[in-house]
Amino acid sequence: MNDFVVEPGGRMQGCIRVPGDKSISHRSIMFGAIADGDTSVSGLLEGEDVLATLAAFRAMGVQIEGPDNGNLLIHGAGMHGLQKPGQDLDMGNSGTAMRLLSGLLAAQSFDTTLVGDTSLNKRPMSRVIDPLGQMGASIDAAEGGRPPLHIRGGGKLHGIHCRMSVASAQVKSALLLAGLYAEGRTTVTEPAPTRDHTERMLRGFGYEVPQEGATISVNGGGCLQACTIEVPADISSAAFFIVGALISPGISPGTSPGSELLLPHVGINPTRIGIITILKQMGAQIHLEKTREVGGEPVADIRVQHSVLKGIPVPGDQVPLAIDEFPVLCIAAACAQGQTVIQGAEELRVKESDRITAMVAGLKTLGIAVEEKPDGMIIEGGSLGGGEVDSFDDHRVAMAFTIAGLRASKPIHVRNCRNVATSFPDFVNLATQAGLSLKVEAA
Ligand code: S3P
């Protein structure tokens, strides 16, 4: 177990290339593995979550070269080329790996068992088990629809029309993956837009994915053609640096220049940029430069400067588009003038930790007035003190409270930061390079 201890103050400056997008990295391996031909991937996130997906496909007989500096060469096994693994597939901390693989494995000819760590074992899986069951899948879970999942292969799946009750890209993707193998058409209607990397990438592999408004479909029985994938930098990782630069005025406010950071080659898919929309409404100076498209995904260099932020009611339609960024958004809100109201965000309770409880607890420790609500919280902007906060083993909570050090008046000791390696193994180095004064302590 590692703790981070961050000294108060400082500013963020320079050019920081954050690692590859986690969602896109997972999908590049999954789709490359079942494609015909060799898929080459660059910019892959070599975080523990993605490595769990990689290990799972290797265990199912897929030949994969790398990762080497973010490069992979996946020798696709074809739609029906996966083999029964010799052991349980360990998804570690990764909800994306477990839920997406449930859809894919429900359609295979062999049985599999998916296991996870303590955090993943608490997360709800009925949201994929139930609709996959309607497609003909057979998946047994532990009590309350939690992992481990025992997936029985060999059955026949048929297409359904699922009107999803939760706005979840993982559920949508699990159904579309199962739909590739199902008889007939599988259709998913989303209650609100969620990240659309699955749809974009399937099209990149030559699969038709018709979409009408909120309704997305695939017809079963086709195949994927290998392609080349360039994974952009992860906006969810960039978000820590964006907020860091916004909240830190400089070493001595008024005399030294404020923070200014350039974050190159970040994915700015419209279904992921809720954090930028929300922060801009709070008064943030964030500029997207050299906007371009790389392999079906929009990308830009993000320039961000220290800004005086004001609290706002976070618009409900932005919540699913910023779902992973709420921990660091809470830090921005704590540093803003006035009140920020977060509602309609009950999904935060079933992430890698209960992020509402985790953020409320830590903010209170740091001296911020915050009121917990079932579906969010109300944060009064104020002055951040210091103290010991728990990450609840959640990578994004850990990084958010570390970034808070830039505006704190005393050191912040963040407990249990080991899981930062799931999404951002190089966080400490890059944060230090950008200007944070940070130490890692063995707990
Ligand atoms: C993800 C979808 C989101 C997000 C997660 C990654 C994906 O989860 O929180 O980090 O890659 O599809 P939900 O589908 O549970 O909202």
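Residues numbered from 1 in each chain as written. Predicted model: local features only at pLDDT ≥ 70, side-chain atom pairs only at ≥ 80, totals over all residues. Heavy atoms only, no water.

1. Here's the deal with the overall build of the chain
Assigned secondary structure in the chain consists of 13 helices and 23 strands. Over its C-alpha atoms the chain spans a radius of gyration of 21 Å, differing by no more than 12% from the 22 Å that the globule rule assigns to 443 residues. In terms of overall dimensions, the chain has a C-alpha envelope of 65 × 45 × 40 Å along the principal axes. Taking all 443 residues of the chain together, the buried fraction comes to 58%. Of the contacts formed within the chain by residues at least 6 apart in sequence, a portion of 75% connects residues at least 24 apart. Split by element, the accessible area of the chain, about 15500 Å² in all, is 48% carbon and sulfur. (Helix = DSSP H or I, 4+ residues; strand = E, 2+ residues; numbered from the N terminus. Rg over C-alpha atoms; globule rule 2.2 N^0.38 Å. Buried < 20%, exposed > 50% of the residue type's maximum accessible area, 1.4 Å probe, protein only. Contact = heavy atoms within 4.5 Å. Areas by Shrake-Rupley, 256 points an atom, 1.4 Å probe, with all protein chains shown as cover.)

2. Observations concerning the site of the ligand
Close to the ligand lie S23, R27, T96, R99, A167, S168, A169, Q170, R195, I323, D324 and K351, which account for all nearby residues. Residue A169 places a main-chain N or O atom 3.1 Å away from an oxygen atom belonging to the ligand. Protein chains bury 95% of the 380 Å² of accessible surface belonging to the ligand in isolation. Only α1 (22–34), α3 (95–105) and α5 (169–179) provide two or more residues apiece to the shell around the ligand. Tallied by class, residues from the shell around the ligand come to three nonpolar, four polar and five charged. Counting only domains with at least three residues in the shell around the ligand, you end up with domain 1 (2–20 + 232–442) and domain 2 (22–230). (Near = heavy atom within 4 Å. Polar contact = N/O pair within 3.5 Å; in protein donor to acceptor, adjacent residues only side chain to side chain. Nonpolar A, V, L, I, M, F, W, Y, C, P; charged D, E, K, R; others polar. Domains from an automatic or database assignment.)

3. Focus on the nonpolar core
Ranked by internal contacts, the top residues of the largest apolar core, which has 81 residues, are F241, L263, L279, I379 and F427. Ranked by residue count, the leading element in this core is helix α7 (residues 235–247), at ten residues. What I379 contacts, discounting residues up to four positions off in sequence, is C330, A333, A334, G338, Q339, T340, I342, L363, I368, A369 and V370. Counting 68 residues, the second largest nonpolar core, distinct from the first, contains L120, M135, I216 and V218. (Core = buried A, V, L, I, M, F, W, Y, C linked by side-chain atoms within 4.5 Å.)

4. Quick word on the sheet that holds strand β2 (residues 13–15)
Read from one edge to the other, the open sheet built from four strands follows the order β2-β15-β17-β16, with strand pairing classed as mixed. Of all the strands in the sheet, just β2 and β16 (285–294) have a single pairing partner and so form its edges. Between one strand axis and the next, the sheet turns through 20 degrees on average, direction left out of account. Looking at chain direction, β2 and strand β15 (residues 260–267) are connected through three bridges and run parallel. (Pairing = 2+ DSSP bridges. Axes fitted to C-alpha atoms, helices over the stretch in contact; angles between N-to-C directions.)

5. Concerning the domain arrangement of the chain
Assigned domains of the chain: these are domain 1 (2–20 + 232–442) and domain 2 (22–230). Just the C-alpha atoms count here: the centres of domain 1 and domain 2 sit 29 Å apart. In this complex, domain 1 contributes 29 residues to the contact, which on the side of domain 2 involves 25 residues. Taken together, the two surfaces of domain 1 and domain 2 that pack against each other cover about 2300 Å², and 46% of this comes from carbon and sulfur. Summed over the shared surface of domain 1 and domain 2, the number is four salt bridges. Where domain 1 meets domain 2, there are 16 residue pairs in polar contact (both at pLDDT 80 or more). Per-element accounting of the side of domain 1 that touches domain 2 gives the leading share, three residues, to helix α12 (residues 420–423). Split by residue class, the side of domain 1 that touches domain 2 holds eleven nonpolar, nine polar and nine charged. (Buried area = accessible area lost by both parts, 1.4 Å probe. Salt bridge = Lys/Arg side-chain N within 4 Å of Asp/Glu carboxyl O.)

6. Let's talk about the pattern of salt bridges
Counted under the stated rule, the structure contains 24 salt bridges. Here E48 ties to R418 by a salt bridge, and the two come within 2.8 Å at their closest N and O atoms. You can see E48 sitting in helix α2 (residues 48–59) and its partner R418 sitting in the loop between β22 (412–415) and α12, a full 370 residues away along the chain. With relative accessibility at 31%, the residue E48 sits in the partly exposed group.

7. Overview of the side chain of Q318
Residue placement: Q318 occurs in the loop between β17 (297–305) and α9 (326–334). Beyond its immediate sequence surroundings of up to four residues, Q318 is in contact with G274, T277 and I278.

8. As for unusual backbone geometry
In this chain, G66 is followed by P67 through a cis amide linkage whose omega measures 5 degrees. Tracing the sequence through the fold places P67 in strand β4 (residues 63–68). Across the junction of P147 and P148, the peptide omega takes the value 5 degrees, indicating a cis bond. In this model, D393 sits at a positive phi of 60 degrees, which is unusual for a non-glycine residue. A relative accessible area of 30% means that D393 is categorised as partly exposed.

9. Brief notes about the sheet that holds β4
Strand order in the open sheet formed by four strands is β4-β5-β3-β14, and the pairing between neighbours is mixed. Edge strands, defined here as strands with exactly one partner in the open sheet, are β4 and β14 (228–230). Direction aside, neighbouring strands of the sheet carry axes that sit 10 degrees apart on average. For strand β3 (residues 38–42) and β14, the ladder comprises three bridges, and the chain directions are parallel. Bridging across to β14, V41 finds its partner in I229. Its contacts with the sheet place α2 against β4 and β5 (71–75), and it is angled at close to 155 degrees to β4.

10. A few points about the environment of I74
Within the secondary structure, I74 sits in strand β5. Judged by its relative accessible area of 0%, I74 falls in the buried class. Setting aside residues no more than four positions away along its own chain, I74 makes contact with S28, I29, G32, A33, G37, D38, T39, V41, V62, Q63 and I64.

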